[in-house]
Amino acid sequence: MNSVAVPNLPAPSLDAEKLTRLTRELESLTVAQLYWIAAWSAAQAAQAQRDIPAAVAERTAERLSIVYGSQTGNAKRIAEQLASRGEAAGLPVRLLRADAYPQRELAQERHLLLVISTQGDGEPPDDARGLFEFISGKRAPKLPALQFAVLGLGDSSYPQFCTIGRQLDARLAELGGSRLASFGEADVEIEAVAAPWVEQALEQARERLRQAGAPARTTPLHVVPSRSVWSREQPFAATVLANQRIVARDSARDVRHVELSLEGSGLHYQPGDALGVWAHNPPALVEQWLEALQLDGAQPVTHQQRTLPLRQWLGGEREITRLHRGFITALATAGGHDELARLLQPEQSAQFAAVLADEQPIDLLRRYPATWQPETLLAALRPLAPRLYSIASSTKAVGEEVHLTVAVVDYQAHGSAHWGAASSLLAATGEDGKMPVFIEPNERFRLPADGSRDIIMIGPGTGVAPFRAFVQERRESGATGRNWLFFGNRHFTSDFLYQVEWQQALQDGSLHRLDLAFSRDAEHKTYVQQRLREHGAELNAWLENGAHLYVCGDAKHMARDVHAALVDVIVAHGNRSADEANAWLGDLLQRGRYARDVY
Ligand SMILES: Cc1cc2nc3c(=O)[nH]c(=O)nc-3n(C[C@H](O)[C@H](O)[C@H](O)COP(=O)(O)OP(=O)(O)OC[C@H]3O[C@@H](n4cnc5c(N)ncnc54)[C@H](O)[C@@H]3O)c2cc1C
Ligand SMILES: Cc1cc2nc3c(=O)[nH]c(=O)nc-3n(C[C@H](O)[C@H](O)[C@H](O)COP(=O)(O)O)c2cc1C
């Protein structure tokens with residue numbers, strides 16, 4: 001290891017913590033890498049000097065900044081639509097992902113449209129963590145000249161619905177900004193809220209930019225990525241090539257390895273991307289609904305200018321497996337159930353969250369009888385949304401195929417069978433069956449461009465899926481960096497997903513380390529985070545040496561526990577305090593060296 005001497009010069013606004021972090025990072029580099037960094041930093045400094053605030057102020061007065069924070073691509077898609085609409089209208093637009101937004105420009109920003117989703121349990125998407133913290137924090141500048149609008153994306157089946165967007169909207173106003181449009185709160189039916197919000201925000205922005213004397217442009221400022229023929233709105237009918245159960249017969253949960261053909265579609269993906277799948281609801285569940293509702297499935301019902309038999313509405317058009325606030329409200333009203341209505345009060349938020357987590361709508365329909373008009377029912381249900389699955393293959397290894405690892409939602413509760421829409425359909429679709437699919441890129445979950453970098457992959461359960469893709473990709477591209485996988489599940493004998501493949505990969509050298517945690521094989525439960533702690537010294541050494549770190553799988557517990565374990569490891573072996581460890585991980589997250597794909 002090189003020892004990096006701190007130059008004997010004043011380091012303006014570089015506090016001790018930053019300096020320690022910086023020297024520690026530099027210590028792991030070779031002489032050639034240090035020279036490269038020196039040249040690169042000089043270029044960065046020159047660029048920063050060119051971007052002096054006065055010039056920034058002049059530019060920002062005449063342009064519209066559209067910034068998005070997005071985990072699974074929805075906010076990005078809306079922001080891209082917003083940018084192309086703005087450009088088509090002749091507005092000078094710049095479109096930025098939140099982590100590419102230069103925070104020092106916020107103080108000079110004049111016209112800002114922000115599209116952002118809420119993730120985790122009311123957390124910002126990973127690409128917007130830095131910007132969210134900056135705007136929410138004490139160092140945020142006053143923004144008396146800012147005109148802004150925020151569109152929040154969320155899902156009202158989560159207790160913290162659209163929290164992040166709402167907080168940013170309030171904070172920007174608190175800092176002195178004035179709204180171009182009121183806060184937009186989009187549920188899964190994103191377009192219903194996004195379309196009028198985009199319209200209003202652009203109209204207002206156009207007017208303000210005209211007043212500011214911005215020149216109308218006719219040529220786009222940036223290239224909006226071209227879309228392939230097949231998309232979310234127009235999915236490709238992929239043929240199922242294989243559908244295998246990859247857990248033992250006695251496993252508590254059915255997990256499938258599904259292979260689909262993309263032949264002739266022109267669809268491309270990269271390791272880290274997800275496949276979007278449009279499903280329909282289980283027919284048996286639709287019949288249970290009709291019985292509970294006491295309604296005739298054959299009767300035609302008109303909703304939003306479309307007329308279909310009720311059975312078809314419930315089977316292919318509406319969400320009937322996921323509970324959300326709007327449905328509970330409508331059920332409480334339709335049946336006059338005060339107890340349900342009370343659940344929606346803020347003081348019952350814990351009980352409300354428990355109901356959202358434990359029940360499907362059918363459970364409430366059975367428990368709280370009501371007389372429904374079919375039209376009222378449809379208005380209370382949300383449109384069926386596609387489900388995402390991390391892609392478990394690399395095209396370098398499988399050509400025009402895409403592989404998935406699917407945990408089937410099929411469980412007994414409240415005295416009856418329950419299913420998930422997409423996973424049970426995937427499980428039930430045999431060879432030659434068709435599934436409507438599209439690619440959902442995930443730019444933040446990417447292998448390092450430099451194949452000599454080591455990678456650490458933490459993927460218990462179906463979280464292992466993208467790491468199958470990573471290992472295939474690194475094997476096929478001859479990457480020289482080491483690959484370390486942490487995998488966990490319930491039992492070694494029944495739930496070791498892709499066991500044979502991992503053993504082969506260890507033998508052929510495409511996997512260098514595999515650490516396993518089977519939670520229910522011993523008296524005391526063991527999870528991957530325990531393995532992280534056990535191998536902390538090595539893990540820390542890999543990280544200090546520049547390894548990229550990936551976490552995929554359960555968002556509720558695993559991602560949080562793994563993060564806490566990583567902090568412990570860095571404290572124990574990296575000679576940092578817990579705050580420093582957290583800050584370092586935050587930094588890695590920001591720079592894309594720590595990436596999460598959790599659900
Ligand atoms: C980026 C991303 C990547 C993903 N990758 C994968 C992947 O690789 N593999 C994978 O299997 N999934 C993955 N998922 C999850 C996947 O998208 C679906 O959410 C999942 O398959 C369930 O969808 P479904 O349509 O089968 O169930 P849904 O129709 O959504 O129904 C599930 C409903 O049942 C409830 N429920 C489920 N289980 C229980 C239970 N035990 N007790 C009580 N209620 C329960 C839920 O709360 C929910 O209301 C990913 C998600 C994202 C966002
Ligand atoms: C793991 C996970 C957690 C989520 N948590 C929340 C939440 O707490 N509140 C909310 O309103 N929406 C939540 N959502 C829903 C997303 O905000 C919604 O799907 C949104 O359209 C995603 O936009 P994006 O693709 O731009 O990230 C969550 C989604 C996922 C996958």
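Remember, predicted model here, so these are calculated numbers, not experimental data.

The rules behind the values
The numbering scheme is per chain: residues are counted from 1 as the chain's sequence reads. Chain letters and ligand numbers both follow the written order, the letters beginning at A and the numbers at 1. Where totals are concerned, whole chains, interfaces and linings use all residues; where local detail is concerned, this predicted model gives features only for residues with pLDDT of at least 70, and gives and counts side-chain atom pairs only at 80 or more. A residue is called partly exposed when the number of other C-beta atoms within 10 Å of its own lies between 12 and 20, exposed at 12 or fewer, and buried at 20 or more, with C-beta atoms placed from the backbone. Working definition: helices are DSSP H or I runs of at least four residues, strands are E runs of at least two. Numbering for both runs from the N terminus. In short, DSSP must find at least two bridges between two strands for them to pair. Seen with its strands pointing away from the viewer, a crossover is right-handed when the path leading from the first strand over the helix to the second is clockwise. Here, residues touch in the contact sense if the C-beta positions derived from the backbone fall within 7 Å of one another. Segmentation into domains, and thus their bounds, comes from an automatic or database assignment. Three residue categories are used. Nonpolar comprises Ala, Val, Leu, Ile, Met, Phe, Trp, Tyr, Cys and Pro, charged comprises Asp, Glu, Lys and Arg, and polar comprises the others, including Gly. To define axes, lines are fitted to C-alpha atoms, for helices over the stretch in contact only, and angles between the resulting N-to-C directions are given on a 0 to 180 degree scale. UniProt positions are given in the numbering used here, feature names are shortened, and annotations may be inferred rather than shown by experiment. Residue proximity rests on one test: whether the C-beta atom, placed from the backbone, lies within 6 Å of the molecule or strand. Per-residue confidence from the predictor is reported as pLDDT, a score between 0 and 100.

### Section: the pairing of strand β1 (residues 64-69)
1) Next: The buried fraction of β1 amounts to 6 of the 6 residues, a majority that puts the element mostly inside the structure.
2) Next: Strand direction decides the pairing type here: β1 and strand β2 (residues 93-97), joined by 5 bridges, are parallel. Across the sheet, the residue bridging to Leu 64 is Val 93, located in β2.
3) Next: Each parallel crossover has a hand, and for β1 linked through helix α4 (residues 74-88) to β2 it is right-handed.

### As for the environment of Asn 281
1) Next: Considering the arrangement of structural elements, one finds Asn 281 in the loop between β9 (274-277) and α8 (283-293).
2) Next: Along the backbone, Asn 281 and Gly 264 are 17 residues apart, and their C-alpha atoms lie at a distance of 28 Å.
3) Next: The contact partners of Asn 281, leaving out residues within four places of it in the chain, are Val 286, Leu 314, Gly 315, Ile 320, Thr 321 and Ala 421.

### Notes on the domain arrangement of the protein
1) Next: Under the domain assignment used here, the protein contains domain 1 (16-50), domain 2 (53-211), domain 3 (236-279 + 386-440), domain 4 (283-380) and domain 5 (455-598).
2) Next: Relative placement of domain 2 and domain 5: their C-alpha centres are 34 Å apart.
3) Next: The interface of domain 2 with domain 5 comprises 5 residues on the first partner and 4 residues on the second.
4) Next: Looking at the side of domain 2 that touches domain 5 residue by residue, the class counts come to no nonpolar, 2 polar and 3 charged.

### Side note on the environment of Arg 468
1) Next: Mapped onto the secondary structure, Arg 468 falls in helix α17 (residues 465-476).
2) Next: By C-beta crowding, Arg 468 is classed as buried, having 27 other C-beta atoms within 10 Å.
3) Next: For the pair formed by Arg 468 and Leu 388, sequence separation is 80 residues and the distance between their alpha carbons is 17 Å.

### Description of the sheet that holds strand β18 (residues 483-489)
1) Next: Taken in spatial order, the 5 strands line up as β19-β18-β17-β20-β21 in an open sheet, and their pairing is parallel. With one partner strand each, in any of the chains shown, β19 (513-518) and β21 (594-598) form the two edges of the open sheet. Averaged over all pairs of adjacent strands, the angle between strand axes in this sheet comes to 10°, irrespective of strand direction.
2) Next: Inspection of the sheet shows strand β20 (residues 548-553) paired to β21 by 5 bridges, in the parallel sense.

### Quick look at the UniProt feature "binding site: NADP(+)" (unreviewed entry) in the protein
1) Next: Per the UniProt annotation, the sites labelled "binding site: NADP(+)" (unreviewed entry) are Ser 519, Arg 520, Lys 525, Thr 526, Tyr 527, Val 528, Gln 529 and Asp 561.
2) Next: Along the polypeptide, Val 528 turns up in helix α20 (residues 528-534).
3) Next: In contact with Val 528, other than residues within four places in its own chain, are Ile 458, Pro 460, Phe 486, Gly 488, Ala 517 and Val 562.
4) Next: Ignoring any residue separated from it by four or fewer positions in sequence, one finds Asp 561 in contact with Tyr 527 and Gln 529.

### Topic: the sheet that holds strand β7 (residues 236-245)
1) Next: Read across the sheet, 6 strands follow the order β12-β9-β16-β7-β8-β13 without closing on themselves; strand pairing throughout is antiparallel. Of all the strands in the sheet, just β12 (387-390) and β13 (401-407) have a single pairing partner and so form its edges. Ignoring which end each strand starts from, the neighbouring axes of this sheet average 40° apart.
2) Next: Relative to β13, strand β8 (residues 255-261) runs antiparallel, the two sharing 7 bridges. Bridge pairing links Ser 261 to Glu 401 in β13.
3) Next: The sheet contacts of helix α16 (residues 421-428) involve β8, β9, β12, β13 and β16 (434-440), and relative to β13 the element is tilted by about 115°.

### Quick word on the site of ligand 2
1) Next: Not every one of the 24 residues close to ligand 2 is listed here, only the nearest: Ser 70, Thr 72, Ala 75, Ser 117 and Gly 154.
2) Next: Ranked by residues supplied to the shell around ligand 2, first place goes to α4 with 3 residues.
3) Next: Across the shell around ligand 2, the residue classes tally to 9 nonpolar, 12 polar and 3 charged.

### Let's talk about the confidence of the model for the protein
For any part of a model where pLDDT is low, the fine detail of the predicted coordinates should not be relied upon.
1) Next: For the protein, the average pLDDT comes to 92, and 90% of its residues sit at 70 or higher.
2) Next: In the predicted structure, residues 218-224 sits below a pLDDT of 50 and forms 10 contacts with residues beyond four places in sequence or in another chain.

### Remarks on the environment of Arg 166
1) Next: As for its placement among the helices and strands, Arg 166 is situated in helix α6 (residues 163-174).
2) Next: In this structure, the C-alpha to C-alpha distance between Arg 166 and Val 150, residues 16 residues apart in sequence, is 7.9 Å.
3) Next: Ignoring anything within four residues of it in the chain, the contact list for Arg 166 reads Gly 152 and Phe 183.

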